[in-house]
Amino acid sequence: MKLYYSPGACSLGIHVVLEEIGKPFEAVRTPLKEGAQNTPEFQAINPKGKVPTLQRDDGSVLTEWPAIAFWLAASNPESKLWPEGIEAQARAYEVMDYACGTIHPQGFSRLFNQARFAPSEADHPKVVEQGRGIAEKGFAVLEKQWAGQEWVLPSGYSVADAAVFFVSYWAVKRMNMTLPPRIAAHFERMLARPAVQRALATEGLDA
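These numbers come from a predicted model, not from an experiment. (Residues numbered from 1 in each chain as written. Predicted model: local features only at pLDDT ≥ 70, side-chain atom pairs only at ≥ 80, totals over all residues. Heavy atoms only, no water.)

Pairing in this open sheet of four strands is mixed, and the strands run β2-β1-β3-β4 from one edge to the other. Strand pairing shows two members of the sheet lacking a second neighbour, β2 (26–29) and β4 (61–63), which therefore form its edges. Each adjacent strand pair in this sheet contributes to an overall mean axis angle of 20°, direction not counted. In the packing of helix α1 (residues 11–21) onto the sheet, contacts are made with β1 (2–5), β2 and β3 (53–55), and the angle to β1 comes to roughly 155°. (Pairing = 2+ DSSP bridges. Helix = DSSP H or I, 4+ residues; strand = E, 2+ residues; numbered from the N terminus. Axes fitted to C-alpha atoms, helices over the stretch in contact; angles between N-to-C directions. Contact = heavy atoms within 4.5 Å.)

Quick look at the structure:
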């Protein structure tokens, strides 16, 4: 398998999942800041121009964070990264979709790229304010709805934890935000996992 990733992007979460599974894969650096997603070579693999992108052993390509996480976990049941039972599975999807569909694109995207939301530089401070508010509300919602103990779900560690981790990493390491208590403790537990440490090291990121 090949994981196309950009250092520190949301693909970090999938990188963690792959490290947890432990099967051979190649991490292909695809730096978004350098426009690697727009090259003809990458566009031929994923015309969406996004990471994470997973090229599987048979050459087929899978895109979108929750879909990749689900496929990796479900096709490697020995990793126990996909919970058993419909309720737990639905909750895993719920967390992944909220991190990937709201906290990331509505919150952090405003903090990382104001021009996408407001062409006038005069409006960029307002965009940043909105983004921080959305991200902070997102973490507050996750904190309030926290159903597990050490991990997000009562059933234990899963791909949902990797989803919460990548947005938490942005909050702490890139935006100097203070996370709510449960999310902050979860972040520290994630940093202590060998799989997370390996992914961070490969991407050249601070642990």
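Let us now look at the environment of leucine 12. When you line up the elements, leucine 12 lands in helix α1. With relative accessibility at 0%, the residue leucine 12 sits in the buried group. Leucine 12 sits 154 residues away from phenylalanine 166 along the chain, and the two C-alpha atoms are 6.3 Å apart. If we ignore the near neighbours within four places in the chain, the residues touching leucine 12 are Phe165, Tyr169, Ala199, Leu200, Glu203 and Leu205. (Buried < 20%, exposed > 50% of the residue type's maximum accessible area, 1.4 Å probe, protein only.)

Here we take up the nonpolar core. Membership of the largest hydrophobic core comes to 56 residues, with the highest contact counts inside it found for Trp65, Leu72, Phe108, Phe139 and Phe165. Every element with two or more residues in this core is listed here: β1, α1, α3 (65–74), α4 (86–112), α5 (124–144), α6 (159–174), α7 (181–191) and α8 (194–203). It is α6 that contributes the most residues to this core, 11 residues altogether. Leaving out residues up to four positions away in the same chain, leucine 72 has contacts with Met1, Ile14, Val17, Leu18, Ile21 and Leu54. (Core = buried A, V, L, I, M, F, W, Y, C linked by side-chain atoms within 4.5 Å.)

When we look at a pair of aromatic rings, we describe it by the centre distance and by the angle of the planes. Enumeration over the complete set of coordinates arrives at 14 aromatic pairs. Judged by centre distance (6.3 Å) and plane angle (70°), the ring pair of phenylalanine 108 and phenylalanine 139 falls under edge-to-face. Here phenylalanine 108, found in helix α4, pairs with phenylalanine 139, found in helix α5; they are 31 residues apart in sequence, far enough to count as distant. For the pair formed by phenylalanine 108 and phenylalanine 139, the shared burial category is buried. One aromatic cluster is present, formed by Trp65, Phe108, Phe112, Phe139, Phe166 and Trp170 through successive ring pairs. One Lys or Arg, arginine 56, reaches over the ring of tryptophan 71 and ends 4.8 Å from the middle of that ring. (Phe/Tyr/Trp six-rings, centres within 6.5 Å; stacked < 30°, edge-to-face > 60°. Lys NZ or Arg CZ within 6 Å of the ring centre and 35° of its normal.)

Two elements, β1 and β2, share four bridges in a ladder whose sense is parallel. Residue lysine 2 lies in a different strand from β2, and its bridge partner there is glutamate 26. Note on the crossover from β1 through α1 to β2: the handedness is right-handed. (Right-handed = clockwise from strand over helix to strand, strands pointing away.)

Another aspect to go through is the packing of α1 against α3. The geometry of α1 relative to α3 is characterised by a closest axis approach of 10 Å and an angle of 5° between their N-to-C directions. Overall, the two elements α1 and α3 adopt an arrangement that is roughly parallel. On the side of α1, the interface is formed by Gly13, Ile14, Val17, Leu18 and Ile21, while α3 contributes Trp65, Ile68, Ala69 and Leu72. Of the residues assigned to the contact of α1 with α3, the class counts are eight nonpolar, one polar and no charged. (Parallel < 35°, antiparallel > 145°, perpendicular 65-115°, else oblique. Nonpolar A, V, L, I, M, F, W, Y, C, P; charged D, E, K, R; others polar.)

Our focus in this paragraph is the environment of asparagine 76. Here asparagine 76 is to be found in the loop between α3 and α4. A residue is classified by how much of its surface remains accessible, and asparagine 76, at 3% relative accessible area, is buried. Expressed as a C-alpha distance, the spacing of asparagine 76 and glycine 22, which sit 54 residues apart in the sequence, is 9.8 Å. Leave out the neighbours within four places in its chain, and asparagine 76 touches Ile21 and Lys23. A polar contact of 3.3 Å, which involves the side chain of asparagine 76, links it to the side chain of serine 75. (Polar contact = N/O pair within 3.5 Å; in protein donor to acceptor, adjacent residues only side chain to side chain.)

Moving on, we get to α5. Helix length check: α5 (21 residues) gives 30 Å between terminal C-alpha atoms against 30 Å at 1.5 Å per residue, within 8%. When we look at burial in α5, the residues that qualify are His124, Val127, Gly131, Ala135, Gly138, Phe139, Leu142 and Glu143. Each buried residue of α5 sits inside an arc of 145° when the element is viewed along its axis, so together they form one side. Exposed and oriented more than 90 degrees from the buried face of α5 are Pro125, Glu129, Lys137 and Lys144. Looking at the buried residues of α5, the elements they touch are α4, α6 and α7. (Expected span 1.5 Å × (residues − 1). Arc of directions from axis to C-beta.)

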